[in-house]
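# Chains, contacts and geometry: an overview
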Amino acid sequence: MNNLSFSELCCLFCCPPCPGKIASKLAFLPPDPTYTLMCDESGSHWTLHLSERADWQYSSREKDAIECFMTRTSKGNRIACMFVRCSPNAKYTLLFSHGNAVDLGQMSSFYIGLGSRINCNIFSYDYSGYGASSGKPTEKNLYADIDAAWVALRTR
């Protein structure tokens, strides 16, 4: 159960309730990161490195269509963002908030397939505490994450 120790479980259910902390421990399940982002010397270009657990299903040509970068949220966390150019003539970009217990590395193959099938680009991001993103996964951070992703999508 989210790697909680016995004493943490006892404290969680036996101590006076703190609804926000209980929800955070039970609702957010960040996986071990399946990717890393390496920044070049200029600080402006990020390179995506996927682990075997990311289960990449395409060639390096499709991987070259993925642009990653970091952006800062209003809470001060840095979140990883991914822009997947699936089609050169796409008119639309889909802002995709992935599900719980996955990160951008695990979703990257899915984004290539989805965007190719519906002829649109995909923009996604990792929540605070997921993948290469800093911070802790909380409800307040989640709202700041989506706001930062929306701003990054509109301004980049």
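Cut-offs and rules
- Residues numbered from 1 in each chain as written.
- Predicted model: local features only at pLDDT ≥ 70, side-chain atom pairs only at ≥ 80, totals over all residues.
- Heavy atoms only, no water.
- Helix = DSSP H or I, 4+ residues; strand = E, 2+ residues; numbered from the N terminus.
- Buried < 20%, exposed > 50% of the residue type's maximum accessible area, 1.4 Å probe, protein only.
- Contact = heavy atoms within 4.5 Å.
- Areas by Shrake-Rupley, 256 points an atom, 1.4 Å probe, with all protein chains shown as cover.
- Core = buried A, V, L, I, M, F, W, Y, C linked by side-chain atoms within 4.5 Å.
- Salt bridge = Lys/Arg side-chain N within 4 Å of Asp/Glu carboxyl O.
- Phe/Tyr/Trp six-rings, centres within 6.5 Å; stacked < 30°, edge-to-face > 60°.
- Disulfide = S-S within 2.5 Å.

The name recorded for the chain in an unreviewed UniProt entry is Abhydrolase domain containing 17B, from Pavo cristatus.

### Topic: the overall build of the chain
Assigned secondary structure in the chain consists of five helices and six strands. When the helices and strands of the chain are listed from N to C terminus, the series reads α-α-β-β-α-β-β-β-α-β-α. Burial statistics for the chain: of 156 residues in total, 38% are counted as buried. Sequence separation of at least 24 residues holds for 62% of the intrachain contacts in the chain that already meet a minimum separation of 6. When the accessible surface of the chain is summed, it comes to about 9,200 Å², and 55% of that surface belongs to carbon and sulfur atoms.

### As for the nonpolar core
Counting residues in hydrophobic clusters, the biggest one holds 33 residues, and the most contacted among them are Leu-37, Met-82, Val-84, Tyr-111, Ile-122 and Phe-123. For this core, the secondary structure elements donating two or more residues are strand E1 (35-39), strand E2 (46-50), strand E3 (66-72), strand E4 (78-84), helix H4 (104-118), strand E6 (121-125) and helix H5 (139-155). With six residues, E4 is the largest single contributor of residues to this core. Sequence-distant contacts of Val-84, defined by excluding residues within four places in its chain, comprise Ala-65, Ile-66, Tyr-111, Ile-112, Asn-121 and Ile-122.

### Things to note about the pattern of salt bridges
Taken as a whole and judged by the stated rule, the model has two salt bridges. As a salt-bridge pair, Arg-61 and Glu-62 come within 3.4 Å of each other at their nearest N and O atoms. When its relative accessible area of 19% is taken as the criterion, Glu-62 is described as buried. Among the salt bridges present, the one from Glu-67 reaches Arg-156, with a minimum N-O distance of 3.0 Å. Taken together, the positions of Glu-67 in strand E3 and Arg-156 in the segment after H5 put the pair 89 residues apart, joining distant regions of the chain. Since its relative accessible area comes to 56%, Arg-156 is described here as exposed.

### Overview of the packing of aromatic side chains
Counted by the stated rule, this structure contains seven aromatic pairs. Between Tyr-125 and Tyr-127, the ring centres sit 5.5 Å apart and the planes meet at 85°, which makes this aromatic pair edge-to-face. Judged by relative accessible area, which is 10%, Tyr-127 ranks as buried. Ring pairing ties together the aromatic residues Phe-96, Phe-110 and Tyr-111, which thus form one cluster.

### What to know about the state of the cysteines
If you walk through the whole model with that rule in mind, you get zero disulfides. Residue Cys-68 stays outside any disulfide, its sulfur separated by 8.9 Å from that of Cys-81, the closest cysteine. In this structure Cys-120 is a free cysteine whose sulfur lies 6.7 Å from that of Cys-86, the closest cysteine sulfur available.

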